[in-house]
Amino acid sequence: LLSCVIAGLVTTFFRSGKLTINGPAAGMITVILGAIVSLDDGSGHAIHYVLAAVVVSGMLQVLLGLFKLGRIAEIFPSSVIHGILAAIGVIIFAKQMHVAVGTSSDAGNAIGILKDLINELPNANPYITLISASGILLLFFHSKISYQVFHIIPAPVWVLAISVPIVFGYNYMDEHQIHVFGQAFEKPENYLISIPSDLTEVFLYPDFSKLNTGVFWLVVLSMTLISSIISLAGAKAIDKLDPYKRKTNLNRDLVGLGASTIASGMLGGLPILNVIVRSTVNVQNNAKTRWSNFFHGFLVLMFIVVLQPVMNMIPEAALAAVLVFAGIKLASPRVFSEVYKEGVEQLVFMVSTLLFTLYNNLLFGLIAGIVITLITHILIARISVPQFFIYAFSPRNMEVKKNGENYIMKIRGVANFLTLLKLLKKFEQIKPGTQLEI
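This one's a predicted model, so the numbers in the text were calculated from it and none came from an experiment.

(A) Seen up close, the packing of aromatic side chains. All chains considered together, the criterion is met by twelve aromatic pairs. When the centroid spacing of 5.8 Å and the interplanar angle of 80° are considered together, the rings of Phe 13 and Phe 294 count as edge-to-face. Here Phe 13 is found in the loop between α1 (2-9) and β1 (21-23), whereas its partner Phe 294 is found in helix α12 (residues 291-306), with 281 residues between them in sequence. Note on Phe 294: relative accessible area 17%, which makes it buried. Their ring planes at 85° and their centres at 5.9 Å tell us that Phe 216 and Trp 217 sit as a pair that is edge-to-face.

Written out as C-alpha cells, the structure is:
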C-alpha cells in the first residue's frame, strides 16, 4: 500500500504514460524473495539490504531512461504483447477464483493453480461464493441495465456496495454453519480486508553496508532488468488498449519509475512498475489522462488513513469478483479472433507466449515469445541464419530518398521487429504530411 501511494504521488509527475497505473507488481515477488535469501547474513537486516538494492536499482533505471534505452521495447512483437495480456488475464482469473470461492493453491504456476481450482471446487465455501457470485453477475449485467442512475456509480463500486450488507447479514446470523448437499460449511473467519491501525509501523529504512559486495550488485542488476522489461512490456500493452491510440515515451517512463522506486526504497516500499492488471481495470473504467494514476495513489492514502474502519468491512471475495471479471475480458475469445485475422502465424506467436507465461512467468513468456517469432521469421524467409541477420542489421538494407516534394523508402532483405527501431529512425527524416512510397 505504501508503494501504491508513492507510485501515484511521485511517478505521475515524471512519466509519459497516460493510462498505466504504477505500483508494486506480483512479477517481482520471486525477485524480492530471492534478494532477501541472497543478502541474509544472519543479522536480521536482510530486508534493509534489499531496500538499499531497491534504491540503487531505481537510480540505474533513471540512467537507462536518460540514455534513451527505453526504445528497446519497440522491438517487442505485437502478437507477443497480446499473448502476455491474455496470459495475465488467465493468471488473474486462476488466482482470484480461489479467493472468490474460499479455496487456496500452493502451485508454482498458473496451470497448477487452475488444476487446483478444479480439484478444490467441491470444497468451495458457500458464504464466500455468494459474495463473489453476486459481484460477478452484477459486473456482467451492469451494462445491460437501462436505468441511467445506476450507471453514475462505476460497476466495481456497486460490487463493494452490495457485499458490505451481506457481511452485516453474516454477523447477525445465529448459525455458525450451513449444510449444502449434506456437507457442513463453517461461517468464514478472516475473510475481510485488514488495514493496521498504527501506520507508523510500516516505515523501514535501507542499509547500504553491502554496497561493496558482488551479491548486492547481482540483486540490483536482476531487479533492474526484470522490473524494466515488465514495465516496458506493460506500457506497450496498455498503449494497445488506449482508445485514443496514444504512444508512451518509454524513456520518460523509465525515469519516472526509477525516481519513484528510489523514494519507495528509502521509506520501506517495493520497486515501482507499470502494473498491467490495475492499468487494464483503469482503461475498462474509462480513464483518460495520467491523473488517474495520481488519484489512485491519493485515494489509497485517504482510504487507509481516513476510512480504515470502512475498508475493514469489505470482503476479499468482492475484490476478487472485480479482478475475475477483468481477467475474463483480457483473455476473451474475441481477443484471439482479432489476432487470428492478422494471420494464423500471429495466433501461433500469441498462443505460444500465453502458454510459456502460464507455465513459467511473465519474463520467461516474453523472451520465449520473441524467440519463437524470430525462429518462425527465419523459416519463412527461407535463407540461411547468417544471411537473415545480415539482411536484418545491414545499414544498407533501408534507405530514404526525396522525390520532389515526396519521399521513397526502399527496404531490401528483411523487415521485421528486429528492424523496427531503424525503420522508426528513418521515419523521423520524413516531414509529417508528405507522401511516402515504400
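Right, picking up where we left off after that structure.
(B) Representation of the packing of helix α9 (residues 214-241) against helix α11 (residues 276-284) in the model. Two numbers describe how α9 lies on α11: the axes approach to 10 Å, and their chain directions differ by 15°. Relative to α11, the element α9 is oriented roughly parallel. Regarding α9 and α11, the two cross each other, and that crossing is right-handed. In this structure, α9 contributes Gly 234, Ala 237, Ile 238 and Leu 241 to the contact, and α11 contributes Ile 276, Ser 279, Thr 280 and Val 283. Its residues placed into classes, the contact of α9 with α11 shows five nonpolar, three polar and no charged.

(C) View of the pattern of salt bridges. What the rule picks out here adds up to four salt bridges. For Asp 41, the salt bridge identified is with Lys 210, shortest N-O distance 3.3 Å. Of this pair, Asp 41 sits in the loop between α2 (29-39) and α3 (46-66) while Lys 210 sits in the loop between β3 (183-186) and α9, and the two are 169 residues apart along the sequence. Judged by relative accessible area, which is 39%, Asp 41 ranks as partly exposed. The salt bridge partner of Glu 399 is Arg 412, with a shortest N-O separation of 2.8 Å.

(D) Spatial organisation of unusual backbone geometry. Positive phi, normally seen in glycine, also occurs at Asn 286, with a value near 70°. The residue Asn 286 is located in the loop between α11 and α12 in this model. You will see that Arg 382, though not glycine, has its phi angle at about 60°, which is positive. Residue position: Arg 382 is located in the loop between α17 (362-381) and α18 (385-393). For Arg 382, a relative accessible area of 77% puts it in the exposed group.

Procedures and definitions
- Residues numbered from 1 in each chain as written.
- Predicted model: local features only at pLDDT ≥ 70, side-chain atom pairs only at ≥ 80, totals over all residues.
- Heavy atoms only, no water.
- Phe/Tyr/Trp six-rings, centres within 6.5 Å; stacked < 30°, edge-to-face > 60°.
- Helix = DSSP H or I, 4+ residues; strand = E, 2+ residues; numbered from the N terminus.
- Buried < 20%, exposed > 50% of the residue type's maximum accessible area, 1.4 Å probe, protein only.
- Axes fitted to C-alpha atoms, helices over the stretch in contact; angles between N-to-C directions.
- Parallel < 35°, antiparallel > 145°, perpendicular 65-115°, else oblique.
- Left-handed = near helix turned anticlockwise from the far one by under 90°.
- Contact = heavy atoms within 4.5 Å.
- Nonpolar A, V, L, I, M, F, W, Y, C, P; charged D, E, K, R; others polar.
- Salt bridge = Lys/Arg side-chain N within 4 Å of Asp/Glu carboxyl O.

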